[in-house]
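The lines below spell out each chain.
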Amino acid sequence: MPQSHLSLQVTQWVTDELALALDCDFGYDSDDPLAVSLDFTTDGTRSVRWVFARSLLAEGMTARTGDGDVALWPVHGEGGEPDAFQVLLGGARRALVEIGAGPVAEWLADTYALVPPGTELDGVDWDALVAELTE
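Predicted, not measured: the structure shown is a model, and the values here were computed from it. (Residues numbered from 1 in each chain as written. Predicted model: local features only at pLDDT ≥ 70, side-chain atom pairs only at ≥ 80, totals over all residues. Heavy atoms only, no water.)

Engineer: Sorry if this is basic, but what is going on with the layout of surface pockets here?
Structural biologist: Here the idea is plain: a probe the size of a water molecule rolls over the atoms and shows the empty space left. Of the volumes computed, that of the largest pocket is approximately 470 Å³. In this structure, the largest pocket is lined by 16 residues; those nearest its centre are Gln 12, Thr 42, Val 48, Arg 93 and Ala 95. Every element with two or more residues in the lining of the largest pocket is listed here: β3 (35-41), β4 (47-53) and β7 (95-100). If you tally residues by element for the lining of the largest pocket, the top one is β4, at 3 residues. (1 Å grid on protein atoms, 1.4 Å probe; cavity = no way out; pocket = protein on both sides within 12 Å on 5 of 7 lines; lining within 4 Å. Points joined across faces, edges and corners; volume = space filled by probe spheres on them. Helix = DSSP H or I, 4+ residues; strand = E, 2+ residues; numbered from the N terminus.)

This is the structure in structure tokens:
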């Protein structure tokens with residue numbers, strides 16, 4: 001069960017003029033190869049976890065993607081290249097978080113080294129899964 005983790009400080013935009021620093025831990029576990037987790041911590045003791053598709057994170061770093069509870073889009077720097085991305089987390093309460101793209105892109109590359117894209121379901125025993133579902 002190889003795993004990969006990344007800890008960063010990110011920015012939560014409370015309003016257009018008020019930003020708060022949050023600690024964010026990115027997690028990837030090859031036992032759940034389609035998903036990534038983001039754990040946000042504000043006071044060192046309480047955290048909020050969001051889990052969504054690794055492919056959604058990768059796509060959202062370069063193009064607007066997602067709907068429902070998670071949407072992502074790039075933030076372009078002075079040179080026109082994405083240097084950050086924003087994540088809108090929904091539900092009863094919404095949160096807008098801005099994250100630097102460089103460290104996350106390197107971390108994603110590490111997750112792809114663990115489980116390459118397109119191979120996430122290679123280890124699934126489909127016959128056993130179907131048998132379990134039909135019992």
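Next comes the rest of the account.
Engineer: Looking at this structure, how should I read the pairing of strand β1 (residues 3-13)?
Structural biologist: Remark: a regular strand shows side chains that alternate across the two faces of the sheet. Here β1 shows a buried face lined by Ser 4, Leu 6, Leu 8, Val 10 and Gln 12 and an unburied face lined by Gln 3, His 5, Ser 7, Gln 9, Thr 11 and Trp 13. Both β1 and strand β2 (residues 19-29) contribute to a ladder of 11 bridges, which runs antiparallel. From the neighbouring strand, Leu 6 faces β2, where its bridge partner is Phe 26. Connecting the antiparallel pair β1 and β2 is a turn made up of 5 residues. (Buried < 20%, exposed > 50% of the residue type's maximum accessible area, 1.4 Å probe, protein only. Pairing = 2+ DSSP bridges.)

Engineer: Where do I start with the sheet that holds β4 in this structure?
Structural biologist: Strand pairing within a sheet occurs via backbone hydrogen bonds; the two strands may be parallel or antiparallel. The 7 strands lie next to each other as β4-β3-β2-β1-β7-β6-β5, forming an open sheet whose pairing is antiparallel. Since the sheet does not close on itself, it has two edges, and those belong to β4 and β5 (70-76), each with one partner. Each adjacent strand pair in this sheet contributes to an overall mean axis angle of 30 degrees, direction not counted. Sheet topology note: the β2/β3 ladder contains 5 bridges and is antiparallel. The partner of Asp 25 across the bridge, within β3, is Asp 39. Contacting β1, β2, β3, β6 (82-89) and β7, helix α2 (residues 101-114) crosses the sheet at an angle of about 155 degrees to β1. (Axes fitted to C-alpha atoms, helices over the stretch in contact; angles between N-to-C directions. Contact = heavy atoms within 4.5 Å.)

Engineer: Help me out: how do you make sense of the side chain of Glu 120 in this one?
Structural biologist: Tracing the sequence through the fold places Glu 120 in the loop between α2 and α3 (126-134). Take Glu 120: its relative accessible area is 17%, and that puts it in the buried class. Within the structure, Glu 120 has its side chain in polar contact with the side chain of Arg 54 (distance 2.8 Å). At a separation of 2.9 Å, a polar atom in the side chain of Glu 120 contacts the main-chain amide nitrogen of Gly 118. Sequence-distant contacts of Glu 120, that is, excluding residues within four places in its chain, are made with Pro 33, Leu 34, Arg 54 and Val 115. (Polar contact = N/O pair within 3.5 Å; in protein donor to acceptor, adjacent residues only side chain to side chain.)

Engineer: How do you make sense of the pattern of salt bridges when you look at a structure like this?
Structural biologist: Side chains that differ in charge, positive against negative, can pair when their charged atoms come close. Taken as a whole and assessed by the stated rule, the structure comprises 2 salt bridges. Here Asp 39 ties to Arg 49 by a salt bridge, and the two come within 2.9 Å at their closest N and O atoms. In this pair, Asp 39 sits in strand β3 while Arg 49 sits in strand β4, placing the two residues 10 residues apart along the sequence. Close ionic contact of Glu 120 with Arg 54 constitutes a salt bridge, the shortest N to O distance being 2.8 Å. With Glu 120 in the loop between α2 and α3 and Arg 54 in helix α1 (residues 54-60), this pair connects stretches of sequence that are 66 residues apart. (Salt bridge = Lys/Arg side-chain N within 4 Å of Asp/Glu carboxyl O.)

Engineer: Looking at this model, I keep getting lost on a nonpolar patch on the surface. Mind explaining?
Structural biologist: Residues Leu 34, Leu 121, Val 124, Trp 126, Leu 129 and Leu 133 make up a contiguous nonpolar surface patch of about 550 Å² in total accessible area. Looking at the element boundaries, Trp 126 is found in helix α3. A relative accessible area of 46% means that Trp 126 is categorised as partly exposed. (Patch = residues over 30% accessible without salt bridge, like charges linked within 9 Å, V, L, I, M, F, W, Y side chains within 5 Å. Areas by Shrake-Rupley, 256 points an atom, 1.4 Å probe, with all protein chains shown as cover.)

Engineer: Looking at this model, I keep getting lost on α2. Mind explaining?
Structural biologist: Residue pairs spaced three or four apart in an α-helix point in one direction, given the helix's 3.6 residues per turn. For α2, built from 14 residues, the straight-helix expectation of 20 Å at 1.5 Å per residue is met to within 8% by its first-to-last C-alpha distance of 20 Å. What α2 keeps buried is the set Ala 101, Val 104, Trp 107, Leu 108 and Thr 111. An end-on view of α2 places all buried positions within 130 degrees of arc, on one side of the element. Facing away from the buried side of α2, by more than 90 degrees, are the exposed residues Glu 106 and Ala 113. For α2, the secondary structure elements touched by its buried residues are β1, β2, β3, α1, β6 and β7. (Expected span 1.5 Å × (residues − 1). Arc of directions from axis to C-beta.)

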